[in-house]
Amino acid sequence: MGKTKLKNESHESTLETALDFTGADLEANREGKLTAKQYDRLLTQRNEKRRTALTVLGLVVFVIVFCGFVALTSGAKPLNLGDAFFPLVIFVPLFVLILVAAANRWRKLAQDLRMQAVHACQGRVNLNVEASATDTGFTVAIQDQKWKVDKAAFLAFKNGDPYCVYYTPHSRTLLSAEWLREE
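Read on for an overview of the structure.

Conventions and cut-offs
Every residue gets a number counted from 1 within its own chain, in the order that chain's sequence is written. Totals for whole chains, interfaces and linings use all residues, but because this is a predicted model, local features are given only for residues with pLDDT of at least 70 and pairs of side-chain atoms are given and counted only at 80 or more. For the side-chain quantities, the full set of heavy atoms in the structure was used; hydrogens and water were omitted. Whether two strands pair comes down to DSSP finding at least two bridges between them. For the purposes of this entry, the term helix denotes a DSSP run of H or I that reaches at least four residues, the term strand denotes a run of E that reaches at least two, and both are numbered from the N terminus. Each residue is placed in one exposure class: buried if its accessible area under a 1.4 Å probe, protein chains only, is under 20% of its type's maximum, exposed if it is over 50%, and partly exposed if it falls in between. Working definition of a nonpolar core: buried Ala, Val, Leu, Ile, Met, Phe, Trp, Tyr and Cys residues. They are joined through side-chain atoms within 4.5 Å. Every residue pair with non-hydrogen atoms within 4.5 Å of one another is taken to be in contact. Stacked, tilted and edge-to-face are the three classes applied to pairs of Phe, Tyr and Trp rings, where Trp contributes its six-membered ring and a pair requires centres within 6.5 Å; stacked means planes under 30 degrees apart, edge-to-face means over 60, and tilted covers the rest. The rule is short: NZ of Lys or CZ of Arg within 6 Å of the ring centre and within 35 degrees of the ring normal puts a charge over the ring. Axes here mean lines fitted to C-alpha atoms, for a helix over just the part in contact, with angles spanning 0 to 180 degrees between N-to-C directions. Every patch collects residues that have over 30% relative accessible area and no salt bridge, joining them within 9 Å if they carry like charges and within 5 Å if they are nonpolar side chains (Val, Leu, Ile, Met, Phe, Trp, Tyr). Note on areas: Shrake-Rupley, 1.4 Å probe, and residue coverage restricted to the protein chains presented here. Salt bridges are defined as contacts in which a side-chain nitrogen from Lys or Arg sits within 4 Å of a carboxyl oxygen from Asp or Glu.

### A word on the pairing of strand 1 (residues 119–131)
Where strand 1 lies against strand 4 (residues 162–167), six bridges are found, and the strand directions are antiparallel. Looking across to strand 4, one finds that R124 is bridged to P162. The sheet contact formed by strand 1 and strand 2 (residues 136–142) spans seven bridges and is antiparallel. Counted as the bridge partner of A131 is T136 from strand 2.

Right, here's the structure in full:
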């Protein structure tokens, strides 16, 4: 019995380390609230997404101005999609897609920061590894909810075991989790 209790405490400690939460964070999450530490983490993520969006916007403006400069100095017609405007056709839509994705993620984080609400999902965990030629993705799923996680968080869960996972409703940021031990 002593070994089982020690093993359970070790598993909970692994979850806390992998998801970066404390017992106080877990208690607040159970009450549907964020802690100051979790709020600051979301704020940092939001600021990083905003910086990404502004960087992409700056690149879009730079490419447009550069292509316009090349077109004017080379004598190309403005509506001619020749050599001078080829980068516009390729890169601007790509930059715009990245900008929209970053802005959408930033908006969701901003909503979570305003609401400061925490949702919970309870059930048996289904772990999945999605490997491609260039990357390996790890997911944790409970019922119809699914989160992409890093390798440490993935390894902290036990496939098929019951958990209660706490997350933000809009950005779906995983905040904490508790293992629902079966006695």
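### Observations concerning the side chain of Q38
Within the fold, Q38 resides in helix 3 (residues 36–74). A residue is classified by how much of its surface remains accessible, and Q38, at 1% relative accessible area, is buried.

### Description of the nonpolar core
One finds L15, L19, V149, F157, Y163 and V165 to be the most contacted residues of the largest nonpolar core, which totals 31 residues. Secondary structure elements with two or more residues in this core: helix 1 (2–19), helix 4 (86–115), strand 1, strand 2, strand 3 (145–149), helix 5 (151–156), strand 4 and strand 5 (174–179). Aside from chain neighbours lying at most four places away, what touches L19 is R41, A153, F157, L174, L175, S176 and A177. Counting six residues, the second-largest nonpolar core is a separate cluster that includes V56, V60, V92 and F95.

### With respect to the packing of aromatic side chains
Considering all chains together, one arrives at three aromatic pairs under this definition. Geometrically, the ring pair formed by F157 and Y163 is edge-to-face, given 4.9 Å between the ring centres and 65 degrees between the ring planes. What makes F157 buried here is its relative accessible area of 4%. If you follow R172 out to its NZ or CZ, it ends over the ring of Y167, 5.5 Å from the centre.

### Overview of the sheet that holds strand 1
With respect to topology, five strands assemble into an open sheet ordered 3-2-1-4-5, the strand pairing being antiparallel. Taken across any chain shown, the strands that pair with only one partner, and hence form the sheet edges, are strand 3 and strand 5. Direction aside, neighbouring strands of the sheet carry axes that sit 40 degrees apart on average.

### Thoughts on the environment of F21
Mapped onto the elements of the fold, F21 is located in the loop between helix 1 and helix 2 (23–30). We classify F21 as buried; its relative accessible area is 5%. Counting along the chain gives 155 residues from F21 to S176, while the straight-line C-alpha distance between them is 6.0 Å. Residues within four places of F21 in sequence aside, it is in contact with L15, E16, L26, K37, L175, S176 and A177.

### So, unusual backbone geometry
For D20, which is not glycine, the phi torsion reads 55 degrees and is therefore positive. For D20, the position within the fold is in the loop between helix 1 and helix 2. Notably, Q143 is not glycine yet its phi reads approximately 50 degrees, a positive angle. Positionally, Q143 belongs in the loop between strand 2 and strand 3. By relative accessible area, which is 62% here, Q143 ends up exposed.

### Considering the pairing of strand 3
Regular strands have side chains that alternate between both faces of the sheet. Of the two faces of strand 3, only one is covered, namely that formed by Q145, W147 and V149; the face formed by K146 and K148 stays uncovered. The antiparallel hairpin formed by strand 2 and strand 3 contains two residues in its connecting segment, where Q143 sits at a positive phi of about 50 degrees.

### A look at a nonpolar patch on the surface
There is a patch of nonpolar side chains on the surface, built from L54, L57, V61 and V65 and spanning about 370 Å² of accessible area. Residue placement: L54 occurs in helix 3.

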